[in-house]
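# Per-entry structural report
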Amino acid sequence: MSDTVSFGYEDIDASEKTGRVGEIFSSVAAKYDIMNDAMSGGMHRLWKDRFVKRVKPQPGEQILDMAGGTGDIAFRMAERGASVTVSDINQDMLDVGIERAMDRGIDGLVWSRQNAEELSFSSRTFDAYTIVFGIRNVTFIDKALREAHRVLKFGGRFYCMEFSQTDWPGFKEVYDLYSHQLMPKIGKAIANDEDSYRYLAESIRRFPKPPEFEAMIRNAGFENTRVEKILGGAVNIHSGWKV
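Rules used throughout
- Residues numbered from 1 in each chain as written.
- Predicted model: local features only at pLDDT ≥ 70, side-chain atom pairs only at ≥ 80, totals over all residues.
- Heavy atoms only, no water.
- Pairing = 2+ DSSP bridges.
- Helix = DSSP H or I, 4+ residues; strand = E, 2+ residues; numbered from the N terminus.
- Axes fitted to C-alpha atoms, helices over the stretch in contact; angles between N-to-C directions.
- Contact = heavy atoms within 4.5 Å.
- Core = buried A, V, L, I, M, F, W, Y, C linked by side-chain atoms within 4.5 Å.
- Buried < 20%, exposed > 50% of the residue type's maximum accessible area, 1.4 Å probe, protein only.
- Polar contact = N/O pair within 3.5 Å; in protein donor to acceptor, adjacent residues only side chain to side chain.
- Salt bridge = Lys/Arg side-chain N within 4 Å of Asp/Glu carboxyl O.
- Bend = angle between axes of the 7 residues up to and from the residue.
- Phe/Tyr/Trp six-rings, centres within 6.5 Å; stacked < 30°, edge-to-face > 60°.
- Lys NZ or Arg CZ within 6 Å of the ring centre and 35° of its normal.

## As for the sheet that holds strand β8 (residues 223-230)
In spatial order, the strands read β5-β4-β3-β6-β7-β9-β8; together these 7 strands make up an open sheet with mixed pairing. Each edge of the sheet is formed by a strand with only one pairing partner; in this case those strands are β5 (110-113) and β8. In this sheet, neighbouring strand axes are inclined to one another by 15° on average, regardless of whether the strands run parallel or antiparallel. Bridging between strand β3 (residues 62-66) and strand β4 (residues 83-88) involves 5 bridges; their strand directions are parallel. Across the sheet, residue Ile 63 finds its bridge partner in β4, namely Val 84. Across the sheet, helix α5 (residues 91-104) is in contact with β4 and β5; its angle to β5 comes to roughly 170°.

Now the structure itself:
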C-alpha cells in the first residue's frame, strides 16, 4: 500500500505531491512577491525582518536558506555579511530570485536547486539552516528536518517560519474567512490563479500545530527548541540547535 500525504484538503499518493507543488510554484513564481504583499498587507516584510533578527547571521557564516527561491530571506542575511546558499526545489522560483539579485546588484549568493528531503551537501557544512513558508509544502517533513540536522555543524541552529492556525478568539474566524474566501480571489485577480492560492490556504490548515511541529523538530535531533508566536500563532518562528 502506497503512502498518502496531504495536498491542501486532498489526500494524494505521496509520489504525486512534489510534482503538484512544483506546478503551483511554477505558476505563481512571477507574481509571488506581489502576492505576498497583497495577501499580508505588507506584513510579511516585518515578519521576515523579525525572523532574520532571530537568526542573527554573522559575517563569514555559511547559511543554507532552503525553499528560499525569490531571495527575500537570503538578501537580508547577506546584508549582515553571511555567505548564503539559496536552495529551492523549483527552478522557476530560483530564476526569479537570481533576476531580483541582479536587479539589486546583490552578488556572492550561491543558487542551488535542491530537494529538502535529499540535500546534496556534505554533513556538517552550515552554521545555520533557514526555511520560511516552505516546509509545509514538503512531502515528508520528517525527512527534511533530518536533512537539516545532518547538514548543520555541531552548534548550528535551525530556524523555520511557517503559517499555522491562530488561537486568538475573534481573529480566528476572520482569519479563516480571509484565507478560504478572499485569498483565492486575490490570487485570481493578481496572478490569474485561484486554484494555487486555494491550495496554499488549505495547506496551512493541514500543517501540524506548533506543539506537534516542535515535537517533530526535537525528534529530528534538535535541542533547546522554541516557538515564537506571531498573531496568536497565525505565524510561528520555530528554532532548535544541533548540539
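So, next bit.
## Overview of the nonpolar core
One recurring pattern in soluble globular proteins: nonpolar side chains tend to sit buried together. One finds Phe 51 and Met 161 to be the most contacted residues of the largest nonpolar core, which totals 27 residues. Of all the elements in the fold, those that place two or more residues in this core are α3 (43-55), α4 (72-79), β4, α5, β6 (126-132), β7 (152-163) and β9 (235-241). In this structure Phe 51 touches Ile 73, Thr 130, Ile 131, Val 132, Tyr 159, Cys 160, Met 161 and Ile 237, once residues within four positions along its chain are discounted. In this structure, Met 66, Leu 119, Ile 135 and Leu 152 belong to the second largest nonpolar core, which totals 23 residues.

## Looking at the environment of Ala 101
Topologically, Ala 101 is positioned in helix α5. Residues Ala 101 and Leu 145, spaced 44 residues apart in sequence, show a C-alpha to C-alpha distance of 28 Å. Non-local contacts of Ala 101, meaning those with residues more than four positions away in its chain, are made with Phe 75, Ile 106 and Trp 111.

## What about the side chain of Asp 127?
Inspection of the secondary structure puts Asp 127 in strand β6. On the accessibility criterion, Asp 127 (18% relative accessible area) is buried. A distance of 3.4 Å separates the side chain of Asp 127 from the side chain of Lys 153, its partner in a polar contact. What Asp 127 contacts, discounting residues up to four positions off in sequence, is Glu 61, Gln 62, Leu 152, Lys 153, Gly 156 and Arg 157.

## Describing unusual backbone geometry
Keep in mind that most residues, glycine aside, have a negative phi and that most peptide bonds are trans. For Lys 56, which is not a glycine, the phi torsion comes out positive at approximately 55°. Counting through the fold element by element, Lys 56 comes out in the loop between α3 and β3. In this structure, Leu 231 is a non-glycine residue whose phi angle is positive, near 55°. Inspection of the secondary structure assignment puts Leu 231 in the loop between β8 and β9.

## Some words on the pattern of salt bridges
In total, this model carries 12 salt bridges according to the counting rule given. In this structure, Arg 54 engages Glu 228 in a salt bridge whose closest nitrogen and oxygen atoms are separated by 2.8 Å. Placement of Arg 54 in helix α3 and of Glu 228 in strand β8 is noted, with a sequence separation of 174 residues between them. Classification of Glu 228 by relative accessible area gives buried; the value is 10%. One salt bridge connects Lys 153 with Asp 127, and the closest N-O pair in it is separated by 3.4 Å.

## A word on helix α7 (residues 171-191)
By the largest-angle criterion, Leu 182 marks the main kink of α7, which is about 40°, and a proline, Pro 184, follows within four residues. Among the residues of α7, those classed as buried are Tyr 175, Tyr 178, Ser 179, Met 183, Pro 184, Gly 187 and Ala 191.

## Focus: the packing of aromatic side chains
For the coordinates displayed, the defined rule picks out 8 aromatic pairs. Centroid distance Phe 121 to Phe 126: 5.2 Å. Interplanar angle 90°. Geometry classified as edge-to-face. Residue classification places Phe 121 among the buried positions, given a relative accessible area of 17%. Residue classification places Phe 126 among the buried residues on the basis of a relative accessible area of 2%. An aromatic cluster of three or more residues is present, and its members are Trp 47, Phe 133 and Phe 163. Over the aromatic face of Phe 154 sits the side chain of Lys 242, whose NZ or CZ is 5.0 Å from the ring centroid.

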